[in-house]
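# Fold and geometry: a report
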Amino acid sequence: MTSGGNGGLKKRHRNGSGNRLSETDGISPENPQHHHHHNQKPFNFHRNSSSTYRFNDSVTADVILSVNLESIPFDGDEPSAVDNQESAKLYLHSNVLRRSVYFSTLLSDRWHKDLIDDSRIFNLNLKVQASMGTIDVHLTVLKLLYANDFGNEINSVSTVLSILPVALELLFEDLVKFCVNFLEAVPWTEEEEKRVLNLIPFLRQEESHELLSRVSHGGKDSDPDEMLYGLILAAIQNHPNAVSPKTFVAKLLREFSSRDSVKRALDKAFENHLKVVKDSLDEYSSPNFRGEQNETEAIQRLNLHTALTNGKYLLWLVERMIELRVADLAVKEWSEQASFTANLQRAFREDAWRNIVPGLPAVILRCTCKLANAVAGGSILASRQVRMKLVKDWLPVLIVCKENASQSPLSHKTLYQELEETLLKIISTLPLSDSQDLLQKCLSFSTRNVEDCPHLISAFNTWFRRALHPPPDCGKLN
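Looking at an unreviewed UniProt entry, one finds the protein chain named At3g05675-like ankyrin-like domain-containing protein and attributed to Papaver nudicaule. The record held by UniProt for the protein chain lists under Function (unreviewed entry) the comment "May act as a substrate-specific adapter of an E3 ubiquitin-protein ligase complex (CUL3-RBX1-BTB) which mediates the ubiquitination and subsequent proteasomal degradation of target proteins." Reading the Pathway (unreviewed entry) entry of the UniProt record for the protein chain gives the comment "Protein modification; protein ubiquitination."

Structure follows, in structure tokens:
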């Protein structure tokens, strides 16, 4: 007599093989002429030290297992005839097969009467769906029933992914456990990861937990936004003078699939570092501590250095935000800094910063210039209110820096010139009433030689041309 099994892979129950057995064809008479066997050669498979059995040993076997590969139905047709299927006939041992819960159930007492012939041999039939792998894969798993140390036979992810579905089908729990532990411990390729994810639904929760933790986040600590934010901080804080980490993180941000996640991470970093710069300048401009003169000076120097360091971080962040066109929040925040810009003006009017942080004005104004250029160029569409406040708050800071331009390096003077031109462009986008007041504050842009400030001449010419031009007849347009 024979017992047949077919059907696809299903999630195992914790207690026994009822789910797998529900996929069997039951007990049916064996028809020997339906088997087309391969020319079988003895498998070179080492028996384990605790076993007295060898795989496919016809002399000592008490189980004859016929393995048949079912073809896949095409266009709704029935499976092809059995005589077209690949098959194998194996001589196995019931004591070994009982390592599989599926075979153990088939060989249990309730089936003995129907399965044992006059020579006390169990005759079993295993049908293999093509979707469950090849005959060879099933033979590999059947061989592994004879092994104690699976590690001698399994040494790659691809092998594990081939045999695990069969181990699950046959409820070979020792092999399933080994396969899961192997997958948890080794790296996967992208294609292998897809196959692992396809198998996870068929594993128990305790088996799949470690595998799932690698590919899906379960909380804030593994959130993509937090990962990006941590990388940004590591690049600018832990490697402030190294180019490679910043270049790598910049590339990662450019190529990351979710632009929203990148924006949130950059916005968070920008707001945090801007707050540090503002707080440091606030403490410098309005010191609120008592102590020795030397201690006071040390604290003030620390405040200025903190402002400069975090200002450099801000500059890198602004460059990334503009490059990725996600600087909307940064522009809005930069335009709402009346208190911050007032502290900058007070600090830059003094001489103390020159010997402590001579590069601070340039760092802050480079941030301003890059954001203003993005607004003037249209890559950031800022509202009229934001554009006006951006000029109104930062124009005085530029003027103070220009007053000390004689003691500044040439690179700073070039920066001041670029920012002048950009602020004038933004002023030209404002209503005449707003631009009138702001243009009057730009007279400090003028030079001894009038021909050296064409941007300022052009700005005033534009304003007067518009002011003198009669308004269009809107009625005609209607």
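Attention now moves to helix 11 (residues 243-255). For helix 11, spanning 13 residues, the distance from its first C-alpha to its last is 18 Å, which sits close to the expected 18 Å at 1.5 Å a residue. If you check which residues of helix 11 are buried, you get Lys 246, Val 249, Ala 250 and Leu 253. Projected down its long axis, helix 11 carries its buried residues within an arc of 105°, all on one side. Turned more than 90 degrees from where helix 11 packs its buried face, Ser 244, Phe 248 and Glu 255 sit exposed. Buried residues belonging to helix 11 abut helix 10 (224-238), helix 12 (259-285) and helix 13 (293-323).

For Asn 56, which is not glycine, the phi torsion reads 60° and is therefore positive. Inspection of the secondary structure puts Asn 56 in the loop between strand 2 (24-28) and strand 3 (63-70). Notably, Leu 171 is not glycine yet its phi reads approximately 55°, a positive angle.

Turning next to the packing of aromatic side chains. This structure, assessed with the given rule, holds 11 aromatic pairs. Here Phe 55 and Tyr 146 contribute two aromatic rings whose centre-to-centre distance is 5.5 Å and whose plane-to-plane angle is 85°, an arrangement assigned as edge-to-face. Of this pair, Phe 55 sits in the loop between strand 2 and strand 3 while Tyr 146 sits in the loop between helix 5 (135-144) and helix 6 (157-169), and the two are 91 residues apart along the sequence. The pair formed by Phe 55 and Tyr 146 is uniform in burial state, with each residue classed as buried.

In this section: the environment of Cys 369. Inspection of the secondary structure puts Cys 369 in helix 17 (residues 360-377). Other than its neighbours up to four places away in sequence, Cys 369 contacts Leu 415, Glu 418 and Leu 419.

Taken as a whole and assessed by the stated rule, the structure comprises 17 salt bridges. Here Arg 204 makes a salt bridge to Glu 207, at a shortest N to O gap of 3.4 Å. Here Glu 323 makes a salt bridge to Arg 254, at a shortest N to O gap of 3.1 Å. Placement of Glu 323 in helix 13 and of Arg 254 in helix 11 is noted, with a sequence separation of 69 residues between them. The class for Glu 323 is partly exposed, based on a relative accessible area of 35%. Exposure remark for Arg 254: the relative accessible area of 37% places this residue in the partly exposed category.

Compared with an ideal rise of 1.5 Å per residue, which puts 20 residues at 28 Å, helix 18 (residues 384-403) spans 29 Å between its outermost C-alpha atoms and is within 8% of the ideal. Taking the largest bend as the criterion, helix 18 deviates by roughly 30°, centred on Trp 394, and proline Pro 396 comes between one and four positions later.

Right, let's talk about the nonpolar core for a bit. Of all hydrophobic cores here, the largest spans 81 residues; its most connected members are Ile 232, Leu 253, Leu 266, Trp 334, Phe 340 and Phe 348. Not counting residues within four places of it along the chain, the set of residues in contact with Phe 340 comprises Leu 274, Val 277, Lys 278, Leu 281, Trp 334, Ile 364 and Trp 394. Counting 51 residues, the second-largest nonpolar core is a separate cluster that includes Leu 92, Leu 126, Ile 135 and Leu 211.

How each quantity is defined
Residues numbered from 1 in each chain as written. Predicted model: local features only at pLDDT ≥ 70, side-chain atom pairs only at ≥ 80, totals over all residues. Heavy atoms only, no water. UniProt positions renumbered as here; feature names shortened; annotations may be inferred. Helix = DSSP H or I, 4+ residues; strand = E, 2+ residues; numbered from the N terminus. Expected span 1.5 Å × (residues − 1). Buried < 20%, exposed > 50% of the residue type's maximum accessible area, 1.4 Å probe, protein only. Arc of directions from axis to C-beta. Contact = heavy atoms within 4.5 Å. Phe/Tyr/Trp six-rings, centres within 6.5 Å; stacked < 30°, edge-to-face > 60°. Salt bridge = Lys/Arg side-chain N within 4 Å of Asp/Glu carboxyl O. Bend = angle between axes of the 7 residues up to and from the residue. Core = buried A, V, L, I, M, F, W, Y, C linked by side-chain atoms within 4.5 Å.

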